[in-house]
Amino acid sequence: MIQIEHVNKVYKTGDVETAALKDINLTIQDGAFVVILGPSGSGKSTLLNVISGLDTVTSGKITFDDTVLTDLSPEQMTTFRREHLGFIFQQYNLLQNLTVHENVQIGADLTKDPLPIDELLEQVGLSTSHDKYPYQLSGGEQQRVSVARSLAKNPAIVFCDEPTGSLDEDNSKKVLELLERLNEAYHKTVVVITHNTGISEMADDVIKMNSGRIVELTHNETRIAARDIPWG
Ligand SMILES: Nc1ncnc2c1ncn2[C@@H]1O[C@H](COP(=O)(O)OP(=O)(O)O)[C@@H](O)[C@H]1O
Ligand SMILES: [Mg+2]
């Protein structure tokens, strides 16, 4: 479980201060599928970055099970992130001079207890593409490689910042189905930032943000399958 208590984040650029997060209070349950919605600039990425330790808070407390993340040193946070957290971004961030298999190997190398790469590639539908390079793949296929890479270290929680932001409907749904399976079959906690309100229908919990605040928290009693969500 992740607990976020009275978290504030202020960015300072020269004389300009931007309050990107204002008194955020939130609990993310183990195994939940959480969607964060909100207009551009509302603080979604900042929230994800401070929860996952990619950025520091200005004030407030974040706890992950028994670990107070906001008390960790930068080195301790890096180790924690490497061992427990997976990331998927809008940009696939694959290394262009490495093959599909080698890119996923990078994820596996981050941990003592990685998942088998061949199985992961089969799950993301790329078992015939082991030896291809990123430029030989479509955007959707590249994003599925980055999903496999983030899963290789068997993270407890996967953070996704606009994972379908560069994909068409068909490829988006393939990536969302992977996240859904990860959540349902492997009980991983999944946190997804999106602009697409349709995606919120596959979530347990929907967090709406505006101007650095949580303006609405909704719980869906029933979830819609990724393949059935309305698009556009
Ligand atoms: N590194 C940064 N330095 C200064 N301001 C930032 C930085 N990152 C984000 N901001 C500002 O914080 C606010 C929230 O940004 P962000 O979390 O990226 O929003 P979203 O992901 O919802 O589009 C915006 O006003 C943005 O300009
Ligand atoms: Mg963002």
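Look up a bit, the structure's there.
In this convention, every chain numbers its residues from 1, walking through the sequence in written order. All chains are assigned letters beginning with A, and all ligands numbers beginning with 1, in the order in which they are written. At least 70 in pLDDT is required for a residue's local features to be given in this predicted model, at least 80 for side-chain atom pairs to be given and counted, and no such filter applies to totals for whole chains, interfaces and linings, which use all residues. Just so you know, side-chain values use all the structure's heavy atoms and leave hydrogens and water out.

## What about the site of ligand 1?
No. 1: Any residue with a heavy atom positioned within 4 Å of a molecule or strand is treated as near that molecule or strand. Inspection of the region around ligand 1 gives Tyr11, Thr13, Thr18, Ala20, Pro39, Ser40, Gly41, Ser42, Gly43, Lys44, Ser45 and Thr46 as its neighbouring residues.
No. 2: Polar contacts, as used here, are pairs of N or O atoms within 3.5 Å; protein pairs need one atom able to donate a hydrogen and one able to accept it. Residues neighboring in sequence count only if both atoms are side-chain atoms. Contact distances for ligand 1 include 2.5 Å between an oxygen atom and a side-chain N or O atom of Thr46.
No. 3: With residues, only the protein chains shown are counted as cover, and all accessible areas are computed by Shrake-Rupley using a 1.4 Å probe. Protein chains shield 61% of the accessible area of ligand 1, which is 560 Å² for the free molecule.
No. 4: Starting at the N terminus, helices and strands are each numbered in turn, a helix being any DSSP run of H or I of at least four residues and a strand any DSSP run of E of at least two. The set of elements that each furnish at least two residues to the shell around ligand 1 consists of strand S1 (2–13), strand S2 (16–28) and helix H1 (44–51).

## A closer look at the pattern of salt bridges
No. 1: We define a salt bridge as a side-chain nitrogen of Lys or Arg found within 4 Å of a carboxyl oxygen belonging to Asp or Glu. Tallying each qualifying case throughout the model produces 7 salt bridges.
No. 2: Here Glu83 and Lys112 are joined by a salt bridge, their closest N and O atoms 4.0 Å apart. Taken together, the residues span a long stretch of sequence, with Glu83 in helix H2 (residues 74–84) and Lys112 in the loop between helix H3 (100–108) and helix H4 (117–123) at a distance of 29 residues.
No. 3: Owing to a relative accessible area of 36%, Glu83 belongs among the partly exposed residues under this scheme. Three exposure classes are used, based on accessible area relative to the maximum for each residue type with a 1.4 Å probe and protein chains only: buried under 20%, partly exposed in between, and exposed over 50%.

## Observations concerning helix H6 (residues 169–186)
No. 1: Over its 18 residues, H6 runs 25 Å from end to end, which matches the ideal 26 Å to within 8%, given 1.5 Å per residue.
No. 2: Remark: His187 follows H6 within two positions and exhibits a positive phi of approximately 55°. A helix's residues, less one, multiplied by 1.5 Å, set its expected span.

## Focus on unusual backbone geometry
No. 1: The residue Glu162 is not glycine, and still its phi comes out positive at about 50°.
No. 2: One can find Glu162 in the loop between strand S7 (157–161) and H6.
No. 3: Residue Glu162 is classed as buried on the basis of its relative accessible area, which comes to 14%.
No. 4: Backbone geometry places Ser211, a non-glycine residue, at a positive phi of 50°.
No. 5: Tracing the backbone shows Ser211 in the loop between strand S9 (205–210) and strand S10 (213–219).

## A few points about the sheet that holds S2
No. 1: By definition, two strands form a pair when at least two bridges between them are found by DSSP. Within the open sheet, the 4 strands sit side by side as S2-S1-S4-S5. Their pairing is antiparallel. The open sheet is flanked by S2 and strand S5 (67–68), the only strands paired with a single partner.
No. 2: Taken together, the 2 bridges between strand S4 (residues 59–64) and S5 define a ladder with antiparallel strand orientation. The residue bridging Phe64 from the neighbouring strand is Thr67, located in S5.
No. 3: Only heavy atoms enter the contact rule, under which two residues are in contact if any of them lie within 4.5 Å. For helices, the axis comes from a line fit to the C-alpha atoms of the stretch in contact; other axes are also lines fit to C-alpha atoms, and the angle between any two N-to-C directions lies between 0 and 180 degrees. Relative to the sheet, H1 contacts S1, S2 and S4, its axis offset from that of S2 by approximately 60°.

## Looking at the nonpolar core
No. 1: Here, nonpolar core refers to any group of buried Ala, Val, Leu, Ile, Met, Phe, Trp, Tyr and Cys residues whose side-chain atoms link them within 4.5 Å. Phe33, Val104, Leu121 and Leu179 are the most contacted members of the largest nonpolar core, which has 36 residues in total.
No. 2: Look past the residues within four positions of Phe33 in its chain and what remains in contact with it is Leu179, Glu180, Asn183, Val190, Val192, Met202, Ala203, Asp204, Asp205 and Arg223.
No. 3: Grouped together as the second largest cluster of nonpolar side chains are 28 residues, Ile4, Leu21, Leu69 and Met77 included.

## Things to note about the sheet that holds S9
No. 1: In spatial order, the strands read S6-S7-S8-S3-S9-S10; together these 6 strands make up an open sheet with mixed pairing. What marks the edges here is a single partner per strand, and that holds for strand S6 (85–89) and S10. Across the sheet, the mean angle separating the axes of adjacent strands is 15° when strand polarity is ignored.
No. 2: Of the strand pairs in this sheet, S7 and strand S8 (residues 189–194) are connected by 5 bridges, and their pairing is parallel. Looking at the pairing, Val158 lines up with Val190 of S8.

Without other data, these values stay purely geometric and don't point to any function.
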